[in-house]
Amino acid sequence: MWLLRLKQVLQTPDFRNCRAAHELQMRAQGIGVNYGLLGDNLPNPNQVISLLKSKNVQQIRIFDPNPEVLTAAENSGISVILGVRNEDLQQLSASPAFATNWVSTNVLPYFPATKIKYISAGNEVIPGPLAQFVLGAIQNLDAALIAANIHIPVSTAISFQAIGQSFPPSTGAFSGDSIPILTPLVGFLSSKKYPLLANVYPYFAYIGDPSEIRIDYAVGNATSVIVNDGGIQYSRLFDAMVDTVYAALEKIGGSGVNVVVSETGWPSAENGNFATIDNAQTYVNGVINHVKNSGGTPRKPQTPIEAYIFAIFNEDLKPPGTEQHFGLFYPNQSPVYPVTF
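Give me the lowdown on the overall build of the chain, citing residues and values where you can.
Tallying secondary structure elements over the chain gives twelve helices and twelve strands in all. The C-alpha atoms of the chain give a radius of gyration of 20 Å, which matches the 20 Å a tight globule of 341 residues would have. When its C-alpha atoms are laid out on the principal axes, the chain stretches across 55 × 55 × 45 Å. Counting the 341 residues in the chain, one finds 53% classified as buried. Of the contacts made within the chain by residues no fewer than 6 positions apart, 68% connect residues no fewer than 24 positions apart. When the accessible surface of the chain is summed, it comes to about 14600 Å², and 51% of that surface belongs to carbon and sulfur atoms. The average position of the 20 basic charges and that of the 25 acidic charges among the side chains of the chain differ by 13 Å.

Describe unusual backbone geometry, listing the residues and the values that go with them.
The amide bond that connects F167 to the next residue, P168, takes the cis arrangement and shows omega of -10°. Within the element layout of this structure, P168 appears in the loop between β6 (163–165) and β7 (173–174). Note that the residue after F310, namely A311, is joined by a cis bond; omega there is 5°. Turning to its location among the elements, A311 is positioned in the segment after β12 (307–309). A positive phi is found at E124, a non-glycine position, where the angle reads about 55°. Structurally, E124 can be placed in the loop between β4 (115–123) and α7 (134–147). Phi is positive for K193, which is not a glycine, with a value near 60°. As for its placement among the helices and strands, K193 is situated in the loop between α8 (179–192) and β8 (196–199). A residue is classified by how much of its surface remains accessible, and K193, at 69% relative accessible area, is exposed.

Please provide a residue-by-residue account of the sheet that holds β12, values included.
Strands sit in the order β1-β2-β3-β4-β5-β8-β11-β12 around a closed barrel of eight strands; the barrel is parallel. When the angles between neighbouring strand axes are averaged without regard to direction, this sheet yields 25°. By the bridge criterion, four bridges tie β8 to strand β11 (residues 259–264) in an arrangement that is parallel. Its bridge partner being in β11, N199 is matched across the sheet by E263. Along the sheet, helix α11 (residues 237–251) contacts β8, β11 and β12; its crossing angle with β11, the most-contacted strand, is approximately 135°.

Could you give an account of the packing of α7 against α8, naming the residues involved and the relevant values?
Each pair of packed helices gets described by two things: the angle between the helix axes and the distance between those axes. Interhelical geometry of α7 versus α8 gives an angle of 25° and a closest axis separation of 9 Å. With respect to their mutual orientation, α7 and α8 come out roughly parallel. Between α7 and α8 the crossing geometry is left-handed. Judged by residue contacts, V134, L135, I138, Q139, D142 and I146 of α7 engage P184, L185, F188 and K192 from α8.

Rules used in this analysis
- Residues numbered from 1 in each chain as written.
- Predicted model: local features only at pLDDT ≥ 70, side-chain atom pairs only at ≥ 80, totals over all residues.
- Heavy atoms only, no water.
- Helix = DSSP H or I, 4+ residues; strand = E, 2+ residues; numbered from the N terminus.
- Rg over C-alpha atoms; globule rule 2.2 N^0.38 Å.
- Buried < 20%, exposed > 50% of the residue type's maximum accessible area, 1.4 Å probe, protein only.
- Contact = heavy atoms within 4.5 Å.
- Areas by Shrake-Rupley, 256 points an atom, 1.4 Å probe, with all protein chains shown as cover.
- Lys, Arg positive; Asp, Glu negative; His and termini not counted.
- Charge placed at Lys NZ, Arg CZ, Asp CG, Glu CD.
- Pairing = 2+ DSSP bridges.
- Axes fitted to C-alpha atoms, helices over the stretch in contact; angles between N-to-C directions.
- Parallel < 35°, antiparallel > 145°, perpendicular 65-115°, else oblique.
- Left-handed = near helix turned anticlockwise from the far one by under 90°.

Below, the structure written as structure tokens:
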């Protein structure tokens, strides 16, 4: 299929207008990285952007509107998922004026020189005490952007903990405490054609049940079908988890909402034989190649995958243990393991 698309591009006189060319471009832009700042020894943002450009990384996700990062990304060609701090959600939901000020402070000074692709109103707050504020925050931010004549989709990033039923993927459903929050939120996203962001970690699924989940299925290098779900076949857990989210969306009226994998990764240390450099390298490079070379997931074969690897660096101010070892690079910018973007 990949070679067929390339052939279609080359046979089209004006290849820029070819649908196949658009699909190839979408896949080339389908992989990004999460840029966390919880380290006291990290390179400055200008150095980081230079590193990413040298590695052909075209997309990043940041967790708060850090002005140094947003400035460094200007005219770099790198697009940004701009995060809203969880602690700002309540005020953004309650006050359209606060949302207008947020956009004036964190978007207008940088856009469009900094290519802001999406805004994520919070990270992994559904379910939880802040969940009730997410929809209002999204709506107020969206209205403020429209008033400023800017089109940037606004969404939120959910944890897989928002899923209550996950196996087989076709039975995917949100948890009971998430459904009342997500149903109107997904309705809004659907009406706007905005995506839902989802953090998808086969690593955590695997270590939660290693006796039932095969390691090759989890890291994505299985050579045969592992799960047959009513004729839809899965050989990698990543696809199964993404399709579980799609199935859950369909059950609450979100069949037209695309899923952007806002985080995925595998730690390289601090959990015995589970978190190793070999497993991390296999998983991350497998996801990158899968995004570049597949049409989509088994449930959504015509929908290109967009996924963001967690994370650029090992961050020493994160909680001790595996949390400090999800990085693709050490703080000195040397690779933890080889990755090809």
